Amino acid sequence: MTRACIRQATLPRAIDEAAEIIRAGGLVAFPTETVYGLGADACNPLAVARIFEVKRRPSIDPLIVHVADSAQALHYGEFPAEGSSDLMSRFWPGPLTLVVPKKKVVPAIVTAGLNTVGIRVPAHPSALALIRATGRAIAAPSANLFGYVSPTRAQHVAEQLADQIDLILDGGPCSVGVESTVLSIAGPVPRILRSGGVTAEEIEIVIGPVEKVSAPGNHLESPGQLNRHYATRTPLQILREDDPLAAPAKGERVGLISLSNPKGRHDYSCLEVLSPSGDMREAAANLFNALRHLDSQGLDRLVAFPVPEIGLGVAIMDRLRRCAASG
């Protein structure tokens, strides 16, 4: 396959080209507000199989189905009468995936054989334009090799997948920067299967208390549940700021990722500050790009200071812990 072209996602002809590729069974990387997705026709099992092949993704890991609105979502999932309309009204378009019983039109390969499916409406104009132009739902995980740091810029996609997919739509940096929150409403108790761009506190305002699932059972119910994920090639450690291991040893090249400017002076080879003002939304938007930059510098190891686990800090720490987990 020739190297995929990068097209500006704001151009109508680029959207039309991408839609034609997806309808023909091809793969298109496209921007969302969370991360860049690798999209295929959600009802074409052969096209979806290419996603797993290109990403080297295990078939046990289900995909999320992207739709243009709540009306289209009803074609693919059975939404419970209680709570779902309130969640759609409040968070769609936006970074919330709802897991519900699937309809027969959704192939088993999309859901990893589960009888539930994750569905969301992305809050990015180009993503919505692509779904509408395609005329069907788009199954899309993050557009990167499985297990690696998710892409938040078109160039991130091109670095790993340009010679294996058909087109890349460039919509600029992703505004949220971490994946969607995955909320299961398929059972009697709503459960957060993956933390992300919508906080538990925001969800609970709408539907009341929710259960937080810290680890999957025998089967993955959602993307992002594996212990090691979002991983850099360079080993990452999460440390307290006063931990003696935080300071590099003599001759050691260490990269630091920190919410704000660290106290004191340390001899770090590279420093990534997620938000000088300590703003969690800015920090989340910068997280994956910061990890990718540090990982490209040929360092001996990476160090991350924890962020407060409040609001989006929960999602940030989830990604850092999975990145730091031993393989």
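Please read these numbers as outputs of a predicted model, since none were measured by experiment.

Draft legend 1. Broad picture of the pattern of salt bridges. By the definition in use, this model includes 15 salt bridges. One salt bridge in this structure joins Arg57 and Asp61, with 3.3 Å as the shortest N-O distance. Note on Arg57: relative accessible area 8%, which makes it buried. Salt-bridge contacts for Glu204 lead to Lys212; the nearest nitrogen and oxygen are separated by 3.2 Å. One connected set of salt bridges, linked through shared partners, spans Glu179, Asp318, Arg319 and Arg322.

Draft legend 2. Spatial organisation of the side chain of Ser275. Tracing the sequence through the fold places Ser275 in the loop between β14 (270-273) and α9 (280-295). A residue is classified by how much of its surface remains accessible, and Ser275, at 0% relative accessible area, is buried. With residues up to four places along the chain from it excluded, the contact list for Ser275 reads Leu259, Ser260, Glu282 and Ala283.

Draft legend 3. How the structure looks around empty space enclosed by the protein. In the structure shown here, the tally under the stated rule is two cavities of 30 Å³ or more. Of the pockets and cavities examined, the largest cavity occupies roughly 250 Å³. Residues belonging to the lining of the largest cavity are distributed by class as follows: nine nonpolar, eleven polar and six charged. In this structure, the second largest cavity encloses a volume near 70 Å³. Lining the second largest cavity we find 13 residues, and of these Pro62, Val99, Val117, Gly118 and Glu221 sit closest to its centre.

Draft legend 4. How the structure looks around the packing of aromatic side chains. Applying the stated rule across the entire model yields two aromatic pairs. Considering the side-chain rings of Phe79 and Trp92, the 6.2 Å spacing of their centres and the 85° angle between planes classify their relative orientation as edge-to-face. One end of the pair, Phe79, is in the loop between α3 (70-73) and α4 (84-91); the other, Trp92, is in the loop between α4 and β5 (96-101), with 13 residues separating them in the sequence. Between Tyr230 and Phe288, the ring centres sit 5.8 Å apart and the planes meet at 25°, which makes this aromatic pair stacked. In this pair, Tyr230 is assigned in the loop between β11 (211-212) and β12 (236-238) and Phe288 in helix α9, connecting sequence segments 58 residues apart. Phe288 carries the same exposure label as Tyr230, and that label is buried.

Draft legend 5. Examining the packing of α9 against helix α10 (residues 313-324) more closely. Where α9 contacts α10, the axes come no closer than 9 Å and their chain directions differ by 15°. One element, α9, and the other, α10, form an angle in the roughly parallel class. The element α9 and its partner α10 pack so that their crossing is left-handed. The segment α9 lies against α10, with Met280, Ala283, Ala284, Leu287, Phe288 and Leu291 engaging Gly313, Ile316, Arg319 and Leu320.

Draft legend 6. Summary view of the nonpolar core. Of all hydrophobic cores here, the largest spans 50 residues; its most connected members are Ile119 and Ile165. When contributions to this core are tallied by element, the ones reaching two or more residues are β3 (37-41), α2 (45-55), α4, β5, β6 (116-120), α7 (154-161) and α8 (200-207). No other element matches the five residues that α2 contributes to this core. The contacts of Ile119, once residues within four sequence positions are left out, are Val65, Val67, Ala73, Tyr76, Gly77, Phe79, Trp92, Leu96, Thr97, Leu98 and Val100. Tyr148, Val176, Leu302 and Leu312 belong to the second largest nonpolar core, which has 29 residues in total.

Calculation criteria
Residues numbered from 1 in each chain as written. Predicted model: local features only at pLDDT ≥ 70, side-chain atom pairs only at ≥ 80, totals over all residues. Heavy atoms only, no water. Salt bridge = Lys/Arg side-chain N within 4 Å of Asp/Glu carboxyl O. Buried < 20%, exposed > 50% of the residue type's maximum accessible area, 1.4 Å probe, protein only. Helix = DSSP H or I, 4+ residues; strand = E, 2+ residues; numbered from the N terminus. Contact = heavy atoms within 4.5 Å. 1 Å grid on protein atoms, 1.4 Å probe; cavity = no way out; pocket = protein on both sides within 12 Å on 5 of 7 lines; lining within 4 Å. Points joined across faces, edges and corners; volume = space filled by probe spheres on them. Nonpolar A, V, L, I, M, F, W, Y, C, P; charged D, E, K, R; others polar. Phe/Tyr/Trp six-rings, centres within 6.5 Å; stacked < 30°, edge-to-face > 60°. Axes fitted to C-alpha atoms, helices over the stretch in contact; angles between N-to-C directions. Parallel < 35°, antiparallel > 145°, perpendicular 65-115°, else oblique. Left-handed = near helix turned anticlockwise from the far one by under 90°. Core = buried A, V, L, I, M, F, W, Y, C linked by side-chain atoms within 4.5 Å.

Take it as geometry only, folks, not as evidence of what the structure does.
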